[in-house]
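Next come the chains, spelled out residue by residue.
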Amino acid sequence: MRKLSLIALSLVMAFMLAACGGEERKKDNEADVETGEATAEKIVLGVAGAHSGDLASYGLPTVNAAKLAAAKINAAGGVNGAMVEVVAQDDQCKPELATNAATKMVSDDVKIVLGHICSGATKSALPIYLESEIVVISPSATNPPLTQSGEYPNFFRTIAPDDAQAALEVAFAKGLGLKNIAVIHDKGDYGKGFASFCKQFIEQEDGINVALFEGVTPGAVDYSAVVQKIKSSGADGVIFGGYHPEASKIVTGMRKKGLEIPFLSDDGVKDDTFIKVAGKYAEGVYATGPMDFSSNALFQEAVEAHKKEFGSDPGPFFPEAYSAALALMKAVENAGSTDYAKIVDALRTKYVDTPVGKIKFDAKGDAEGVGFAIYQVKDGKYVEVK
Amino acid sequence: MDYFLELLFGGLTRGSIYALIALGYTMVYGIIELINFAHGEIYMIGAFTGLIVAGLLTMLGFPGYSILIIAMICAVIWAAAYGYTIEKVAYKPLRGAPRLSPLISAIGMSIFLQNYVMLSQTSDFLPFPELIPEFEFMKGMGSMLSSSEMVIVVTTIMVCIGLTLFIKYTKLGKAMRATAQNRKMAMLVGINVDMVISATFVIGSSLAAVGGVLIASHIGQINYFIGFIAGIKAFTAAVLGGIGSIPGAMLGALVLGLTEAFATGYVSSDYEDVFAFCLLVLILIFRPSGIMGKEKVQKV
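Residues numbered from 1 in each chain as written. Chains lettered and ligands numbered in written order. Predicted model: local features only at pLDDT ≥ 70, side-chain atom pairs only at ≥ 80, totals over all residues. Heavy atoms only, no water.

Topic: the overall build of chain B
Summing up its helical and strand segments, chain B has 11 helices and 2 strands in all. The helix and strand sequence of chain B, counted from the amino end, reads α-α-α-α-β-α-α-α-α-β-α-α-α. Compactness check: chain B gives a C-alpha radius of gyration of 19 Å against a globular reference of 19 Å for 300 residues, within 12% of the reference. Residues classed as buried in chain B amount to 53% of the 300 residues present. Put simply, of all contacts in chain B between residues at least 6 apart along the chain, 77% involve residues at least 24 apart. (Helix = DSSP H or I, 4+ residues; strand = E, 2+ residues; numbered from the N terminus. Rg over C-alpha atoms; globule rule 2.2 N^0.38 Å. Buried < 20%, exposed > 50% of the residue type's maximum accessible area, 1.4 Å probe, protein only. Contact = heavy atoms within 4.5 Å.)

Here it is, written out as C-alpha cells:
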C-alpha cells in the first residue's frame, strides 16, 4: 500500500513538472512570434557569459552593463529608430555550455553578442558565431590568440590581451627587486596562457629567473605540496595565472606555512570575492587589472546609473562590458543595418566614446588605447599602485 | 630531509581526509554492495553545517575551542540525518532491484544534493573560519606541520582505532559483520538487517562530516562543489585498498595521499592526478581486489 502511494505521488509530481515545462515552452513560442513580427523595429543584443556558478561574479556585471547601455540608447531614440533588447545566455564559463549558448544565439537570430567572459568558453563559441556571421565583443577574454591568430575576424575585445598583462606583471616584479620567481598556473586556457607569457618575458630579461613553473589542479583538496615546492625552490616571489578560488587557497597555504614572499596575480584574481575568501591572508597581494577609468565622465555616469538601477557598486569588467555594448550598438548605427561586413567595418574605422576612453579596434580586433594597471590589497580593498 | 618530511606530513594530512570519507564508501559497499555516490555530498553538507553553526556561535561570542567542538557535533548529527534519509529515500525502495538501479539513484542523489546546496546557499566560494587555533608548543615547527594538520591526522587515527574496536567488540559491530557476510542468513538468525544498514549509513556519514569540518577549517574555504572531487578521490582510495575492507580503506587513503604529495614534490603537480590513477590501474592489474581486499569465493 505504501509503495502504491509512493508511486502515485511520484507520478503526480512528474506530471506537475511536465505541465510546468509545457507552459514554459508555450510562452517561449509566443515570445518567438513576437520577435519574429518585430525584427524590423528591434535589435537584439545577446549577452553570453557566466551568469551562475563559481565565476558568476564576473559574468553578472556584464548583463547589468548591457541593460544599462541599452536603456541609455533606447532613451535617446534607439539605434536607427529600432529599440534594443538584451537577451542573456548563461555558459558558466564552461566551453561545452558556451557552444550551447552560441547555438541558441544563432537560432534566435541575434546579430551582435557581448561576451563571452572566460577565454576558454569564448574560444569554443567563436567558430559558431563566425559561421553565422555574428559580431562578438568580449569585455574580459584576454587570451592573446583569440585576436592575434587572425582566425576570428568577427571577434573584438575591449580589454587588453594577456601578453600585455604579463609584460606589465614581469616589469613590476622586476621593479620589486624579485630575482627568482615561481610561476604557478591552473592549467586552464587563460591561467596557463598568462603564466606562459610571464615565463617567456622573465626568460628574456637579465638578472631574473623562473624558479618553478607548474600547474595545479583546480578543486584539489589542498595545495600544501605545491606550497612546499615553492618554498624549497628558493623563490622570492610567486606569479599565479588563474582565478580566485585557487589563488586564495595557495595564498592561505603559503602564509600559514610562514612563506611571506610577494604574491602577484592577474585580473582573474582582481575581484572582491578573492579578498572575502582569503580574508587577512589577502593583504599585500598584487594583481593586474584593467586600468582605472574613474576620472572619465562617461564612466562616472555609467556607475551612477548602476547604483540607481541596482542599488550597488558595479562588479569587475563592468566598464569594459558597458563600452563593448556601446561599441556594438554604435557600430550598428554607423553601419545603418545589421549587415555583418558593414558592422565589422564600422568597428574598425569609427571612433566611439566609451567609459574606457575613445576607442576603435585595430585590424586584429584589440581595442586601441586600453591597458592594464597594478593593484594591491590594502585593508581589504584593491588599491591601484602608482 | 626537511623537504621529505614536509611532503610526508602533507601527504598524511591529505590521506587522513581521504580516509575519513573512504570509510563511508567501504562500509556501505561491505554491507549492501552499493557504491554510495552521494557520499561526497554528505561530506560537503557536513562542512556547510559546520560553517553555519560556527558563524552563529561566533556571533553569540562563544570561546574558540567550544566553537570547534559544538560545530563538529552539529555537523555530525546533521550529516548523519542526511545519510539516514538518503538511504531510506533513494536506496531502500530499490533493495530488490537490479544492481544498476541503486547506482543510478545514488548518482541522481549526488547531483540533487549539489544543486540543492547551491540554490539554498550560494554558488560562490565562502570563507571558512579557522576553528583550530595555533598551538603554543608547535610555533617552531609551523613551517613543517601546522596545528590543523596535526589535529586532522590525530583525529583520523583515533577515529580509525575507535571504529575498528567498535566493529570488533560491540553487538552492533557483530551484527554488521554478519550482515556483510550473508544478509539472508543474518536475517534468519534474528538480526534486524534494516537497522544495521541504517546504522552503517549513519556512521559513515558522521565520519565524512568530521572530515568536512576539519578540512574546511584547514584550507579556509568551501563551496557546493567540494564534495565531488573529494568523493572521487576517496572512492579511489577505497578501491585501491580493497573496497569493503575497513583497514583497506585507511591504507588505500594513506597510499593515495602520499603518492599525490610525493608526485607533486619530486616530479610536478601537473602530474599529481596522473600518478594517483596510474597507481590505481597498476594495483588493480596485479591485485584486482585491491591491496587488502579478499578474493570473493564464487559459489557454485
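Concerning the overall build of chain A
Along its length, chain A carries 13 helices and 14 strands. Residues counted as buried form 53% of the 386 residues belonging to chain A. Across chain A, every contact between residues at least 6 apart in sequence was considered, and the portion connecting residues at least 24 apart equals 68%. When the accessible area of chain A is evaluated, it comes to approximately 16,000 Å², of which 55% is carbon and sulfur surface. (Areas by Shrake-Rupley, 256 points an atom, 1.4 Å probe, with all protein chains shown as cover.)

A short note on the nonpolar core
Note that soluble globular proteins tend to have their nonpolar side chains buried in a common cluster. If you look at the biggest cluster of nonpolar residues, it comprises 86 residues, and the most contacted ones within it are B:Leu23, B:Ile86, B:Tyr91, B:Leu163, B:Leu214 and B:Ile222. With 14 residues, the single largest contributor to this core is helix H8 (residues 193-219) of chain B. For B:Ile222, the contacting residues outside a window of four places in its chain are B:Ala47, B:Phe48, B:Leu51, B:Asp124, B:Phe125, B:Leu126, B:Phe128 and B:Ala216. Formed by 73 residues, the second largest nonpolar core is a distinct cluster that contains A:Ala65, A:Ala66, A:Ala325 and A:Ile343. (Core = buried A, V, L, I, M, F, W, Y, C linked by side-chain atoms within 4.5 Å.)

Considering the environment of A:Ser138
All names here are of chain A. For Ser-138, the position within the fold is in strand E4 (residues 135-138). For Ser-138, a relative accessible area of 0% translates into the label buried. C-alpha separation for the pair Ser-138 and Ala-121, spaced 17 residues apart in sequence, amounts to 11 Å. At 2.8 Å, the side chain of Ser-138 forms a polar contact with the backbone oxygen of His-116. (Polar contact = N/O pair within 3.5 Å; in protein donor to acceptor, adjacent residues only side chain to side chain.)

A short note on unusual backbone geometry
Residues and elements named next belong to chain A. A cis amide bond links Gly-115 to the next residue, His-116, at an omega of -10°. Relative to the helices and strands, His-116 resides in the loop between strand E3 (112-114) and helix H4 (119-131). With phi around 50°, Asn-80 is a residue other than glycine that occupies positive phi space. Tracing the backbone shows Asn-80 in the loop between helix H2 (56-75) and strand E2 (83-90).

Some details on the sheet that holds E3(A)
Residues and elements named next belong to chain A. Read across the sheet, 5 strands follow the order E2-E1-E3-E4-E5 without closing on themselves; strand pairing throughout is parallel. With partners counted over all chains shown, the strands left at the sheet margins are E2 and strand E5 (155-157), one partner each. Across this sheet, the average inter-strand angle for adjacent strands is 25°, counted without regard to direction. Where strand E1 (residues 42-49) lies against E2, 8 bridges are found, and the strand directions are parallel. (Pairing = 2+ DSSP bridges. Axes fitted to C-alpha atoms, helices over the stretch in contact; angles between N-to-C directions.)

Focus: the state of the cysteines
All names here are of chain A. In this structure the tally under the stated criterion is 1 disulfide over all chains. Cys-93 shares a disulfide with Cys-118; S-S distance 1.9 Å. Handedness here is read from the sign of the S-S torsion; for Cys-93 and Cys-118, about 80°, the answer is right-handed. Remark: Cys-118 occurs in the loop between E3 and H4 and Cys-93 occurs in the loop between E2 and helix H3 (95-107); sequence separation between them is 25 residues. A single burial state applies to Cys-93 and to Cys-118, both of which are buried. With no disulfide partner, Cys-198 has as its closest neighbouring cysteine sulfur the one in Cys-118, 18 Å distant. (Disulfide = S-S within 2.5 Å.)

Regarding the side chain of A:Asp162
Residues and elements named next belong to chain A. Mapping Asp-162 onto the fold places it in helix H6 (residues 162-175). The charged side chain of Asp-162 is buried without a salt bridge, its nearest counter-charge being Arg-157 at 6.8 Å. Residues in contact with Asp-162, not counting those within four places in the same chain, are Thr-142, Asn-143, Pro-144, Tyr-190 and Phe-194. (Lys, Arg positive; Asp, Glu negative; His and termini not counted. Salt bridge = Lys/Arg side-chain N within 4 Å of Asp/Glu carboxyl O.)

Examining the pairing of E1(A)
Working note: regular strand, side chains alternate between the two faces of the sheet. Residues and elements named next belong to chain A. In terms of residue burial, E1 counts as a mostly covered element, since 7 of its 8 residues are buried. Where E1 lies against E3, 3 bridges are found, and the strand directions are parallel. Note on E3: the bridge partner recorded for Gly-46 is Val-113.

A few points about the packing of helix H5 (residues 147-169) of chain B against H8(B)
All names here are of chain B. Following both chains from N to C, one finds H5 and H8 inclined at 170°, their axes separated by 10 Å at the closest point. Of the possible angle classes, the one that applies to H5 and H8 is roughly antiparallel. Every residue of H8 that contacts H5 at Ser-148, Glu-149, Val-151, Ile-152, Thr-155, Val-159, Leu-163 and Phe-166 is listed here: Ile-203, Leu-207, Val-210, Leu-214 and His-218. (Parallel < 35°, antiparallel > 145°, perpendicular 65-115°, else oblique.)

With respect to the interface of chain A and chain B
Many structure descriptions define interface size as the accessible area lost when the parts assemble. Facing 31 residues of chain A, the contacting portion of chain B comprises 38 residues. Taking both partners together, chain A and chain B bury about 2,900 Å²; carbon and sulfur atoms supply 48% of that area. For the chain A face of the interface with chain B, the top three residues by lost area are A:Val221, A:Asp222 and A:Lys256, together amounting to 21%. Here A:Lys280 and B:Glu130 are joined by a salt bridge, their closest N and O atoms 3.8 Å apart. Between the two partners, chain A and chain B, sit 14 residue pairs in polar contact (both at pLDDT 80 or more). Breaking the side of chain A that touches chain B down by element, the ones donating at least two residues are strand E7 (209-215), helix H8 (224-232), helix H9 (244-256) and helix H10 (272-278) of chain A. For the side of chain A that touches chain B, the leading source of residues is H8(A), giving 7 residues. (Buried area = accessible area lost by both parts, 1.4 Å probe.)

What to know about the sheet that holds strand E14 (residues 381-384) of chain A
Residue and element names in this part refer to chain A. Taken in spatial order, the 7 strands line up as E7-E6-E8-E9-E10-E13-E14 in an open sheet, and their pairing is mixed. Lying at the two open borders of the sheet, with one neighbouring strand each, are E7 and E14. The sheet shows a mean angle of 30° between the axes of neighbouring strands, taken without regard to direction. Two strands pair when backbone bridges link them, and strand E13 (residues 372-378) and E14 are joined in this way by 4 bridges, in the antiparallel orientation. When the sheet's bridge partners are listed, Lys-378 is paired in E14 with Lys-381.

Re the environment of B:Ala180
All names here are of chain B. You can see Ala-180 is positioned in helix H6 (residues 171-181). Among the residues examined, Ala-180 registers a relative accessible area of 37% and is labelled partly exposed. A C-alpha to C-alpha distance of 8.8 Å links Ala-180 and Gly-244, two positions 64 residues apart in sequence. When near neighbours in sequence (up to four residues on either side) are disregarded, Ala-180 contacts Gly-30 and Ile-31.

Considering the packing of H6(B) against H8(B)
Residues and elements named next belong to chain B. At a minimum axis distance of 10 Å, the contact between H6 and H8 shows a crossing angle of 105°. It follows that H6 is roughly perpendicular to H8 by the angle criterion. Every residue of H8 that contacts H6 at Leu-172, Ala-175, Met-176 and Thr-179 is listed here: Val-193, Met-195, Val-196, Ala-199, Thr-200 and Ile-203.

Details of the confidence of the model for chain A
With 90% of its residues at a pLDDT of 70 or more, chain A shows a mean pLDDT of 86. Throughout residues 17-39 of chain A the model reports pLDDT below 50, and contacts reaching past four residues in sequence, or to other chains, amount to 1 contact. (pLDDT = per-residue confidence, 0-100.)

Details of helix H4 (residues 100-120) of chain B
Here H4(B) contains 21 residues, and its C-alpha end-to-end distance of 30 Å stays within 8% of the 30 Å for a straight helix at 1.5 Å per residue. For H4(B), every residue scored as buried is listed here: B:Pro102, B:Ser105, B:Ala106, B:Met109, B:Ser110, B:Leu113, B:Gln114 and B:Val117. (Expected span 1.5 Å × (residues − 1).)

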